[in-house]
Amino acid sequence: MAALATVSYAKPDDSLQQATACMLNVLNTTPHAQSAALLVENGSPVLEYEYPDHSGHLNTVRFGVVGTYKNTASFMAVIPGLFDGNTPPSDLRTGRIIREWESRCGVSANALFE
């Protein structure tokens, strides 16, 4: 998986801690999302979960914080994978999850295909 550029936080501020706790709660209540976890890598929060693709294969999805803009934390995931051109790649429900995070947790998030 491609590495994410992250912003280092010596100690996440309260708003970032509240946002990531909210994001984890969304993951824990999302059907089919499994093994949701809030991790810290290099002092920055990373949300990780597993989600099945079209074939049922579990894929690990990792959203890392990439910065803040106007007091809104921004997260990004890079989703690896190949597809045959006939079947669109699975976004692993990241679109739905991102919309929930943005409306319920007040964060910005994006998922990019590699």
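The coordinates are above.
Heads up: these notes are all about the structure in this document. (Residues numbered from 1 in each chain as written. Predicted model: local features only at pLDDT ≥ 70, side-chain atom pairs only at ≥ 80, totals over all residues. Heavy atoms only, no water.)

## Topic: the side chain of Thr20
Formally: A run of H or I in DSSP becomes a helix once it reaches four residues, and a run of E becomes a strand once it reaches two; helices and strands are each numbered from the N terminus. Each polar contact in these results corresponds to two N or O atoms within 3.5 Å; when the atoms are within protein, one needs to be able to donate a hydrogen and the other to accept it, and residues that are neighboring in sequence are counted only if both atoms are side-chain atoms. Whether two residues are in contact is decided by their heavy atoms, any of which lying within 4.5 Å being enough.
Note on placement: Thr20 falls in helix H1 (residues 14–28). At 3.1 Å, the side chain of Thr20 forms a polar contact with the backbone oxygen of Gln17. Those residues within four positions of Thr20 in sequence are excluded, and the remaining contacts are Leu38, Pro45, Leu47 and Phe75.

## Description of the sheet that holds strand S2 (residues 44–52)
Here is the rule we go by: Only strands that DSSP links by at least two bridges are regarded as paired with each other. In this analysis, axes come from line fits to C-alpha atoms, helices being fitted only over the stretch in contact, and the angle between any two N-to-C directions falls in the range 0 to 180 degrees.
If you walk across this open sheet you meet the 5 strands as S1-S2-S3-S4-S5, and the pairing is mixed. Across the chains shown, the open sheet's two edge strands, defined by having one partner strand only, are strand S1 (34–41) and strand S5 (108–113). For this sheet, the mean inter-axis angle between neighbouring strands, taken without regard to orientation, is 25°. Summarising the sheet, strand S3 (residues 58–69) and strand S4 (residues 72–79) pair through 5 bridges and their orientation is antiparallel. Residue pairing across strands places Val65 opposite Phe75, the latter belonging to S4. Contacting S2, S3, S4 and S5, helix H2 (residues 94–105) runs over the sheet at an angle of about 165° to S5.

## Overview of the pairing of S2
The sheet contact formed by S1 and S2 spans 6 bridges and is antiparallel. Residue Ala37 lies in a different strand from S2, and its bridge partner there is Glu48. The turn linking S1 back onto S2 is made up of 2 residues, and Asn42 within it adopts a positive phi angle of 55°. If you look at the hairpin formed by S2 and S3, you'll find 5 residues sitting between the two strands, and Gly56 has a positive phi there, around 95°.

Just distances and angles here, no functional claims.
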